[in-house]
2 protein chains.
Amino acid sequence: MDLSNSQPDVERTVGYLGPCGTHSEEIALDLYKEEARRFIPFQSIDGAIRAVENGIVSECVVPIENSLEGPVNITLDTLAHDVNLTIIKEIVWSVRHHLFIKQNTAQIKVIVSHNQALAQCRNYINRCYPGIEIKAVESTAEAACIVANGAQNHAAIGSSRAGQIYGLEAVATDIQDSDRNCTRFVVLSKQSQFISGERCKTSIICQMKGEKPGSLCELLQEFAVRNVNLTRIESRPARTALGEYIFFLDLEGSMAEDKVSSAVTAVQLKSQRFKNLGSFNVAILKNS
Amino acid sequence: MDLSNSQPDVERTVGYLGPCGTHSEEIALDLYKEEARRFIPFQSIDGAIRAVENGIVSECVVPIENSLEGPVNITLDTLAHDVNLTIIKEIVWSVRHHLFIKQNTAQIKVIVSHNQALAQCRNYINRCYPGIEIKAVESTAEAACIVANGAQNHAAIGSSRAGQIYGLEAVATDIQDSDRNCTRFVVLSKQSQFISGERCKTSIICQMKGEKPGSLCELLQEFAVRNVNLTRIESRPARTALGEYIFFLDLEGSMAEDKVSSAVTAVQLKSQRFKNLGSFNVAILKNS
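Within an unreviewed UniProt entry, the label attached to chain A reads Prephenate dehydratase, and the organism entered is Dendrosporobacter quercicolus. UniProt's Pathway (unreviewed entry) comment on chain A is quoted here verbatim: "Amino-acid biosynthesis; L-phenylalanine biosynthesis; phenylpyruvate from prephenate: step 1/1."

Asker: Would you explain the sheet that holds strand E10 (residues 169-172) of chain A in this entry?
Answerer: Each strand in a sheet pairs with another by means of backbone hydrogen bonds, the pair being arranged parallel or else antiparallel. Residue and element names in this part refer to chain A. Taken together, 5 strands build an open sheet; the order of strands is E8-E7-E9-E6-E10 and the sheet is mixed. Strands with a single pairing partner mark the edges of an open sheet, and in this sheet they are strand E8 (133-137) and E10. Within this sheet the neighbouring strands show an average axis-to-axis angle of 35°, counted without direction. Packed on one face of the sheet, helix H6 (residues 140-148) meets strand E6 (98-101), strand E7 (110-114), E8 and strand E9 (154-158) and runs near 155° to E9.

Asker: Sorry, what's going on with the side chain of Glu222(A) here?
Answerer: In this structure, Glu222(A) sits in helix H8 (residues 215-224). Contacts of Glu222(A), omitting those with residues within four sequence positions, involve Ala263(A), Ala266(A), Val267(A) and Lys270(A).

Asker: I keep staring at the side chain of Gln116(B) and nothing clicks. Help me out?
Answerer: Among the structural elements, Gln116(B) can be located in helix H4 (residues 115-120). Only 3.3 Å separates the side chain of Gln116(B) from the backbone oxygen of Pro71(B), close enough to count as a polar contact.

Asker: Sorry if this is basic, but what is going on with the relation of the copies chain A and chain B here?
Answerer: Relating one copy of the chain to the other requires a rotation about an axis plus a shift along that axis. Overlaying chain A on chain B yields an RMSD of 0.0 Å, the required transformation being a rotation through 180° with an accompanying axial translation of 0.0 Å. Taken together, the rotation angle and the small translation identify this as a two-fold axis. An overlap of 100% is found between the interface residues of chain A and their copies at the interface of chain B, pointing to a shared contact surface.

Asker: Can you help me understand the sheet that holds strand E9 (residues 154-158) of chain B in this one?
Answerer: All names here are of chain B. Spatially, 5 strands are ordered E8-E7-E9-E6-E10 in an open sheet, and the strand pairing comes out mixed. In this open sheet, the two edge strands, each paired with only one partner strand, are strand E8 (133-137) and strand E10 (169-172). Within this sheet the neighbouring strands show an average axis-to-axis angle of 35°, counted without direction. Sheet strands in contact with helix H6 (residues 140-148) are strand E6 (98-101), strand E7 (110-114), E8 and E9, and its direction is about 155° off that of E9.

Asker: Looking at this structure, I do not really get the confidence of the model for chain A. What am I missing?
Answerer: Any segment with low pLDDT has predicted coordinates that should not be analysed in fine detail. Across chain A, pLDDT averages 89, with 95% of residues at or above 70. In the predicted structure, residues 1-7 of chain A sits below a pLDDT of 50 and forms 7 contacts with residues beyond four places in sequence or in another chain.

Asker: Which parts of the structure should I look at to understand the nonpolar core?
Answerer: General note: in soluble globular proteins, nonpolar side chains tend to be found buried as a group. Within the largest apolar cluster, 36 residues are counted, with the highest numbers of intra-cluster contacts made by Phe247(A), Leu249(A), Phe247(B) and Leu249(B). Ignoring sequence-local partners within four residues, the contact set of Phe247(A) consists of Ile204(A), Ile205(A), Cys206(A), Met208(A), Leu216(A), Ile233(A), Glu234(A), Ser235(A) and Ile233(B). Grouped together as the second largest cluster of nonpolar side chains are 30 residues, Tyr124(A), Ile101(B), Ala117(B) and Ile157(B) included.

Asker: Can you walk me through the packing of helix H2 (residues 45-53) of chain A against helix H3 (residues 73-81) of chain A in this structure?
Answerer: Each pair of packed helices can be summarised by the angle the axes make with each other and by the distance between the axes. Residues and elements named next belong to chain A. In contact at an axis separation of 9 Å, H2 and H3 are set at 30° when each is read in the N-to-C sense. Between H2 and H3, the angle falls in the class roughly parallel. Handedness of the crossing formed by H2 with H3: right-handed. The residues of H3 that touch H2, namely those facing Ile-45, Asp-46 and Ile-49, are Ile-74, Thr-75 and Thr-78.

Asker: Is there a simple way to explain the domain arrangement of chain A in this structure?
Answerer: Much of the literature gives interface size as the accessible area that the parts lose upon coming together. All names here are of chain A. Looking at chain A, the domain boundaries give domain 1 (10-95 + 182-189), domain 2 (98-172) and domain 3 (200-281). Taking the mean C-alpha position of each, domain 1 and domain 2 sit 23 Å from one another. On the side of domain 2, 15 residues touch domain 1, which itself brings 20 residues to the contact. Summed over both partners, the interface of domain 1 with domain 2 buries about 1200 Å², with 56% contributed by carbon and sulfur atoms. A per-residue breakdown of the area domain 1 buries against domain 2 is headed by Pro-19, Gly-21 and Glu-69, which together make up 34% of the total. Scanning the region where domain 1 abuts domain 2 turns up 2 salt bridges. As a salt-bridge pair, Arg-122 and Glu-69 come within 3.6 Å of each other at their nearest N and O atoms. Summed over the shared surface of domain 1 and domain 2, the result is 6 residue pairs in polar contact (both at pLDDT 80 or more). Among the secondary structure elements, those contributing two or more residues to the side of domain 1 that touches domain 2 are helix H1 (23-31) and strand E4 (70-71). With 4 residues, H1 is the largest single contributor of residues to the side of domain 1 that touches domain 2.

Asker: Sorry, what's going on with the interface of chain A and chain B here?
Answerer: Across the boundary between the two partners, chain A contributes 51 residues, which contact 51 residues of chain B. Of the roughly 3900 Å² buried where chain A meets chain B, counting both sides, 52% is carbon and sulfur surface. Summed over the shared surface of chain A and chain B, the result is 2 salt bridges. Between Glu133(A) and Lys135(B) there is a salt bridge, with the nearest N and O atoms lying 4.0 Å from each other. Here chain A is connected to chain B by 9 residue pairs in polar contact (both at pLDDT 80 or more). Of the residues forming the side of chain A that touches chain B, the biggest block, 8 residues, is contributed by strand E13 (residues 230-237) of chain A. Tallied by class, the residues present in the side of chain A that touches chain B amount to 20 nonpolar, 16 polar and 15 charged.

Asker: Help me understand H6(B) in this model?
Answerer: Among the residues making up H6(B), those that are buried are Thr140(B), Ala141(B), Ala143(B), Ala144(B), Val147(B) and Ala148(B). The buried residues of H6(B) occupy an angular sector of 155° when projected down its axis, which confines them to one face.

Asker: Can you help me understand the UniProt feature "site: Essential for prephenate dehydratase activity" (unreviewed entry) in chain A in this one?
Answerer: Residue and element names in this part refer to chain A. Per the UniProt record, "site: Essential for prephenate dehydratase activity" (unreviewed entry) is found at Thr-183. Inspection of the secondary structure puts Thr-183 in strand E11 (residues 182-189). Relative accessible area serves as the criterion here: at 8%, Thr-183 is assigned to the buried category. Not counting residues up to four positions away in its chain, the partners in contact with Thr-183 are Pro-63, Glu-65, Asn-66, Ile-91, Val-92, Trp-93 and Val-95. Within polar-contact distance, the side chain of Thr-183 engages the side chain of Asn-66 at 2.9 Å.

Rules behind the numbers
- All chains use their own residue numbering, which begins from 1 and follows the written sequence.
- The order in which chains are written sets their letters, starting at A; the order in which ligands are written sets their numbers, starting at 1.
- Predicted model: local features are reported for residues with pLDDT of at least 70 only, side-chain atom pairs are reported and counted for 80 or more only, and whole-chain, interface and lining totals are derived from all residues.
- Side-chain measures here rest on the full set of heavy atoms in the structure, leaving out hydrogens and waters.
- UniProt positions are given in the numbering used here, feature names are shortened, and annotations may be inferred rather than shown by experiment.
- By the convention used here, strands pair only if DSSP detects at least 2 bridges between them.
- Secondary structure follows DSSP: runs of H or I at least 4 residues long count as helices, runs of E at least 2 residues long count as strands, and numbering of each begins at the N terminus.
- Axis definition: a line fit to C-alpha positions, over the contact stretch in the case of helices; interaxial angles, taken between N-to-C directions, run 0 to 180 degrees.
- Any pair of residues with heavy atoms lying within 4.5 Å of one another is described as a contacting pair.
- Each polar contact in these results corresponds to two N or O atoms within 3.5 Å; when the atoms are within protein, one needs to be able to donate a hydrogen and the other to accept it, and residues that are neighboring in sequence are counted only if both atoms are side-chain atoms.
- A residue counts toward the fit only if its pLDDT is at least 70 in both copies, and the copies are then superposed by least squares on the C-alpha atoms of those residues.
- Residue-level confidence of the predictor is what pLDDT reports, using numbers from 0 through 100.
- Remark: nonpolar core denotes a set of buried residues (Ala, Val, Leu, Ile, Met, Phe, Trp, Tyr, Cys) joined through side-chain atoms within 4.5 Å.
- A 1.4 Å probe rolled over the protein chains alone gives each residue an accessible area, and that area as a share of the maximum for its type sets the label: buried under 20%, exposed over 50%, partly exposed in between.
- Angles are sorted into four bins: roughly parallel if under 35 degrees, roughly antiparallel if over 145, roughly perpendicular if 65 to 115, and oblique for all others.
- If you view the pair so one helix is near and one far, a crossing is left-handed when the near helix is turned anticlockwise from the far one by less than a right angle, and right-handed when it is turned clockwise.
- For each domain, the first and last residues come from an automatic or database assignment.
- Throughout, buried area stands for the accessible area (probe radius 1.4 Å) lost by two parts on being put together, summed over both.
- A pairing counts as a salt bridge when a side-chain nitrogen of Lys or Arg comes within 4 Å of a carboxyl oxygen of Asp or Glu.
- Each residue receives one of three labels: charged for Asp, Glu, Lys and Arg, nonpolar for Ala, Val, Leu, Ile, Met, Phe, Trp, Tyr, Cys and Pro, and polar for the others, Gly being one of them.
- The arc in question is formed by the directions pointing from the helix axis toward the C-beta atoms.

Here it is as structure tokens:
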């Protein structure tokens, strides 16, 4: 990590959801371990994303979906409404959560963590700490930091790395509701790319023209008739009125393939709003 | 409201996300104003839903979707995975949020509210209180209660009714990010019904068999070919593995109509998991 005080070279900077000890940081460090990069933590997911849009960093690493809790709404909504960025990589990360206290904490009265982590440990919390006060903060690492700083009777849910960094004691390990708990992260950039390969996906955002019966079906047929597999469809509010939606679609394959680009073009023609988030490779990383 | 100490008559009890002053309570009081009902507040949304399943109350009123923030995940996930209930009514409610303090609060250092309310006022918070500590609690009314009980330098986001009940002072009104902010609530019951009518919808939950290209499209075609309009499609994690989803589908019309029941039956045959949440009327209520 380059911590010198030279002028920041935006081309070599990577933003992530900080502070130190978040899953986003672990992934960023792992992804760029062969390269000289400068890493900059941001207090919020949308802060990290907007930093790419505003040219403060060249790329950022943020979570986009969890296998238990579903989409990270702020990531989807910021991509749809507030910035023009592309996805240049996807990372699938297996998530483990632990419950940490500061040493000599006699009683836990408050559990603090990121919303998604809290939701991913909901069964454990209900079973072991029914009715306890829950406090949501911007990241699991921030939660660990709050506990390390002496917040009374607080416990934090976070990664083992966060526990180590902040010198905390684990009172329970692997408290996630499912051992198949994975989170997808994406690397976002202003640069678009034209890649292909085996583990390649393409993401688009669209809002259909018209609301007649079957309009979503007609749109999906553009993929079906070309034998393009849809790996995910996620609806989010269009923010115009209740009942109006935009769709996030993930497809197998790259825009470099004729069948994918032809299907995407057909969908674009049927959409009143459309964004192509690009084609990218998928990497699977193990949580150490 | 019947507050007598007689044995609770489950058939006449309605659960809601409490405490006093939540939107759920306002809707429950409005819906049953012509009937003698006993109202029971619950600390959490899933607590209210499980109380119906466990026979503690006969019905409950809980939020299911917001026009800005999207689905209320805990409602969808509890309906899909943990209970066997039907929707007997839907209520569309226009939401207004205000920022409240206890009188003579000199400085706001923490903003407390329900997650959805916090998310619905994200732009306001970022603009007026950048970097402020955010605390998520189970309801907007609980947030108002915390502030009323003297939590130092805290402000709560909630409804005007919550502000009145807890004797708080509004420092800013209508702070929601959009004036088109509506929330859909549902009334849940163990009883299924066989209703029809103009403003009638049917909700189903399904997980498709197989993952081949076009399987979602084939499923949606069952509605399209019968001219049944889909008003909503929401994917949620199936909780089996990343990339496996269940779908929540809302259709116009009732199971009492041939075309709807025939489409739903066809979808059920194509699904590995299936639940019919029933047919119900939609009411539009105004926030006073």
